[in-house]
Amino acid sequence: MSKDGVLYIVATPIGNLDDLSVRALALLKQVDMIAAEDTRHSKRLLTHFGIDTRLTAYHDYSGERQVQHLLDLLMQGQNIALISDAGTPLISDPGYRLVRRVREAGLNVVPVPGPSAPLAALCASGLPTDSFAFVGFSPAKSAARKQFFSLHAASEHTLVCFESPHRIVASIDDAIEVLGAKRQAVLARELTKTFETFIGFSLGDIQQALADDANQSRGEMVLMIAPEPKPESSQLDAEAERLLGLLVNELPTKKAAALVSEFSGVSKKLLYQRALELKA
Ligand code: SAM
């Protein structure tokens, strides 16, 4: 069995301290060292939980010396936990360079999953979750942001991005200019904290809520934008579409739609609309 140490990637709370997992708590107490994005910030969390493990700073801008130092400790058999200020390390947070180097050195990196703002926001948003694209922070400048939104305009994934309170109003304005006010979207604020809020279901709703109450543009936030809905007719399966195409020329539109509905289980309303399109 290898005597090398393990680098644990440990998720910490994004607001509610009770979200620190039992496993994370035990590991943070057991490891030989905790590498933290900001040691002063993390000290508060660790003190709260009575964890007095040795702390060292790790940031992606940390020099090669610090990366090598952590690698040396792992090779000497010491276990290290990497944490960030909040949430899951490496998700728009430091750690990528270290994890890469540790893996390249053939050592173990073990995730200890837990809170992460993008997933917390998405799972309670009511927007499609089957496929999503997390892209970190949206661009800071308006021109780049509009280009960014247009790149996602025809995407089939729900877009999930971090927003800043300083830019959210301008960002929503830009999103509306590119995608329209009706595009389904939800803004999740202050997740797991006292003023947790979900605003939606459209970009227009979010714009209105921000205009009505300046408090809604405060705090930490995640913006999610749904893909453009597929044209309803594309929801028809090929068989129903073929049958409707045959009947629509032989029967009154309503009757054709009702018969195909009975046969296929597809809604009469949808079939009626499609029949009108076919007749046009
Ligand atoms: N690694 C973190 C994670 O897994 O959640 C994300 C770090 S990123 C530097 C920080 C951004 O995440 C914030 O600016 C905000 O957009 C989002 N965020 C973090 N905590 C949040 C919360 N409680 N509610 C909403 N958004 C949050």
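Residues numbered from 1 in each chain as written. Predicted model: local features only at pLDDT ≥ 70, side-chain atom pairs only at ≥ 80, totals over all residues. Heavy atoms only, no water.

(A) Representation of the site of the ligand. In the region of the ligand, 19 residues are neighbours, and I91, D93, S116, A117 and M221 sit closest. Note that a nitrogen atom of the ligand is positioned 3.0 Å from one of the backbone N or O atoms of I14. E220 places a side-chain nitrogen or oxygen 3.3 Å from a nitrogen atom of the ligand. Expressed as a share of its isolated accessible area of 580 Å², the protein-covered part of the ligand is 90%. Here the ligand is seated within the largest pocket. When contributions to the shell around the ligand are tallied by element, the ones reaching two or more residues are α5 (117–123), β7 (158–163) and β10 (221–225). (Near = heavy atom within 4 Å. Polar contact = N/O pair within 3.5 Å; in protein donor to acceptor, adjacent residues only side chain to side chain. Areas by Shrake-Rupley, 256 points an atom, 1.4 Å probe, with all protein chains shown as cover. 1 Å grid on protein atoms, 1.4 Å probe; cavity = no way out; pocket = protein on both sides within 12 Å on 5 of 7 lines; lining within 4 Å. Sits in = over half its atoms within 2 Å of the grid points. Helix = DSSP H or I, 4+ residues; strand = E, 2+ residues; numbered from the N terminus.)

(B) Here's a closer look at the state of the cysteines. As enumerated under the stated definition, the model contains zero disulfides in all. Unpaired in terms of disulfides, C123 finds its nearest cysteine sulfur in C161, a separation of 17 Å. In this structure C161 comes out as buried when scored by relative accessible area, which is 0%. (Disulfide = S-S within 2.5 Å. Buried < 20%, exposed > 50% of the residue type's maximum accessible area, 1.4 Å probe, protein only.)

(C) Examining empty space enclosed by the protein more closely. What the rule picks out here adds up to one cavity of 30 Å³ or more. Put simply, the largest cavity is a space of about 40 Å³. Lining the largest cavity are F149, H152, A153, S155, H157, L159, L179, R183, I225, A226 and P227. Of the residues belonging to the lining of the largest cavity, the class tally is seven nonpolar, three polar and one charged. (Points joined across faces, edges and corners; volume = space filled by probe spheres on them. Nonpolar A, V, L, I, M, F, W, Y, C, P; charged D, E, K, R; others polar.)

(D) Just the sheet that holds strand β1 (residues 6–10), in detail. Judged by pairing direction, the sheet is parallel, and its five strands sit side by side in the order β3-β2-β4-β1-β5 without closing on themselves. Of all strands in the sheet, those with a lone pairing partner are β3 (54–57) and β5 (108–112), marking the two edges. Going from strand to strand, the sheet's axes swing by 25° on average, the running direction of each strand aside. Sheet topology places strand β2 (residues 33–36) next to strand β4 (residues 80–83); four bridges connect them, and they run parallel. When the bridges of β4 are listed, I34 appears paired with A81. (Pairing = 2+ DSSP bridges. Axes fitted to C-alpha atoms, helices over the stretch in contact; angles between N-to-C directions.)

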